[in-house]
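Here is how the chains run, residue by residue.
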Amino acid sequence: MISEQAKQRMRDIAARYPVARSAILPALHIAQQEESYITPEGLQTVADLLGLTVDDVESVATFYTMYYQRPPGKKVIKICNSISCYLRDCDGLIEHLEARLGIKRGETTPDGKFTLLTAECLASCGTAPVLQVNDEFVENVTPEKADALINELDRELNATRS
Amino acid sequence: MPELIVTKDIDVPGIDTLEVYRQHGGYQALEKALKEFEPEGIVEEVKKAGIRGRGGAGFPTGLKWSFLAKNDKPRYLCVNCDESEPGTFKDRALMEKIPHRLVEGVILTSYACRVSIAFIYIRGELALAARQVERAVQEAYAEGLIGKNILGSNFSLEVIVHRGAGAYICGEESALMESLEGRRGYPRLKPPFPAAVGVYGNPTVINNCETVATIPAIVQNGGAWYGSFGTEKSKGTRVFSLSGHVNKPGNYELVMGLPLRTLIYDEQYGGGIWKGRELKAVIPGGSSFSFLKPDKLDTPLDFDAVMAAGSALGSGGVIVFDDQTCIVAACLRILEFYRDESCGKCTPCREGTYWMTELVERLEHGHGKMKDIDLLLDICDNISGKSFCPLGDAATGALTGGVKLFREEFEYHALHGRCMVGPGSQRPAAQNTTQPAGAR
């Protein structure tokens, strides 16, 4: 469900650009914030707002890696595995997290809590290896730090459930 | 004390706020520009400064500004904050820590180029950086530093912070414009160049984040002052992002022309190779460019010297490889990046990045053949200079250098089915099994 406030934010953003179509990327970010991924309703909302076809909006939404086409877990963990993180053993970290979460990269835990993804260079090479949880950085990640992070995220998710 | 220009005061608590930024001299350059200079005068100062683009191509900034088409169409500025070149993390630091310096540079650049709307295109993955820059822009609007009749002058400007959504190709200037206009990030044919036909078909100037963030200092202290640092054709200072197998990775602002050795080994910078190991190779300008071997350590870090040494200064992303690194494995990891990021528009890059990655993957995992090595070089030759945009060239940079400088490692993989050095050399050699076609 895309709220009225979200639709208004999209309209306000579109009004700032000389050509409304430029607001596709910001509008899709808002749609994903509302529904956690890009749904048919999200595509339709953006299309209606900007006077485009759904196919046109979908062609844009499927080009960019930050827009999810399927529901992700509550916490999306993206681990950089480009060259500078590779040099600091991101591969070991990825394997460690795969074992800890019981899933492979690209998958979501059956309870819907965690999605584990790899990502291309996240511009944090000086503090490698690095990951993001829902787009916020966690840097200098050792296996111990990763375990503590998952524990903390688990606590947070359990607290919001109860 | 080395001169810090673009990272000056970056660690002052609160420097990301307008108040503290102003306390440290912020926005004085803007006041000076509006009071004492015509727009063309600012362009002249930047030409005098000799600053070259800090994104990767190193094009002279003042010259680029002077290319803007002289017609009545509204002009736009795009600030390229789509920092995605592997090994590079300098723009993120500027945006997160001292966003007002970028914003002041945006206003100054817009004034100089008679721009009416400035778009700050920030890669989507840098959520904090985007929040910091957006907040700085709002603070500037509130103080009359952006908007109508800035500081009482007749210069008006709108600034829009535009977040990307995950695409390295959108750091290429024409793909950035496509993305900004709300389309898939496919590069455009050039000519026409952005200075003539850019965003929405209007004259557009596109500059890197660090380049724009340097403009306030140039205006404040003068182009001649900035040009007094650095070498003859590479003026000023730049931020180098040091990563990989060094003791102290991080961002370091250096005067142009200091030797590569200083950045890697000096105690106030990289502090030498980690774990007591030796240096094997270094990529000086981001993963789009070739390796340099230790014999090139005395190369001055300036655009022309690094090119003469066989690589490029590029984005300033200095990636260091120790003597336990398998170059074939490193090349594979680099190639995977370009394969994943290729936009798919043109055949040489779309097919070539996949093909190269497959071949190096086979070599790395013990199923490669000797003839694959020359085939790889042939594929590189069919991509480089023959792709629609520079991503194709970038995809071949490290591999071409890797094969030229470390051919024996590739041959070792073909002959013995495992790495010549590093942990991979302990693997048992792959059996000479028949690989069914299509199996991975």
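Enquirer: In this structure, what is going on with the packing of helix H3 (residues 40–50) of chain A against helix H4 (residues 54–61) of chain A? I would like to understand it.
Expert: If you want to describe how two helices pack, look at the angle between their axes and the distance between the axes. All names here are of chain A. In contact at an axis separation of 8 Å, H3 and H4 are set at 115° when each is read in the N-to-C sense. As far as their axial angle goes, H4 and H3 are roughly perpendicular. Crossing hand, H3 versus H4: right-handed. From H3, Leu43, Gln44, Val46 and Ala47 reach across to H4, where they touch Val54, Val57, Glu58 and Ala61. For the contact of H3 with H4, the residue count by class is six nonpolar, one polar and one charged.

Enquirer: In this structure, what is going on with the domain arrangement of chain A? I would like to understand it.
Expert: Reports of interface size often rely on the accessible area that becomes lost once the parts have come together. Split by domain assignment, chain A resolves into domain 1 (4–61) and domain 2 (75–161). Each of domain 1 of chain A and domain 2 of chain A was reduced to a C-alpha centroid, and the two centroids are 29 Å apart.

Enquirer: What am I meant to see in the domain arrangement of chain B here?
Expert: Residue and element names in this part refer to chain B. One can read the domain layout of chain B as domain 1 (18–227), domain 2 (237–322) and domain 3 (327–426). Here the C-alpha centre of domain 3 lies 23 Å away from the C-alpha centre of domain 2. Counting residues at the interface gives ten residues for domain 2 and eleven residues for domain 3. Looking at the side of domain 2 that touches domain 3 residue by residue, the classes come out as five nonpolar, four polar and one charged.

Enquirer: Looking at this model, I keep getting lost on the interface of chain A and chain B. Mind explaining?
Expert: Each partner contributes to the interface: chain A provides 35 residues, whereas chain B provides 45 residues. Put simply, the parts of the chain that give the side of chain A that touches chain B at least two residues each are helix H2 (24–35), H4 and helix H5 (83–86) of chain A. At five residues, H2 of chain A tops the list of elements feeding residues into the side of chain A that touches chain B. Partitioned by chemical class, the residues of the side of chain A that touches chain B number 21 nonpolar, nine polar and five charged.

How each quantity is defined
- Residues numbered from 1 in each chain as written.
- Chains lettered and ligands numbered in written order.
- Predicted model: local features only at pLDDT ≥ 70, side-chain atom pairs only at ≥ 80, totals over all residues.
- Axes fitted to C-alpha atoms, helices over the stretch in contact; angles between N-to-C directions.
- Helix = DSSP H or I, 4+ residues; strand = E, 2+ residues; numbered from the N terminus.
- Parallel < 35°, antiparallel > 145°, perpendicular 65-115°, else oblique.
- Left-handed = near helix turned anticlockwise from the far one by under 90°.
- Contact = placed C-beta atoms within 7 Å.
- Nonpolar A, V, L, I, M, F, W, Y, C, P; charged D, E, K, R; others polar.
- Domains from an automatic or database assignment.

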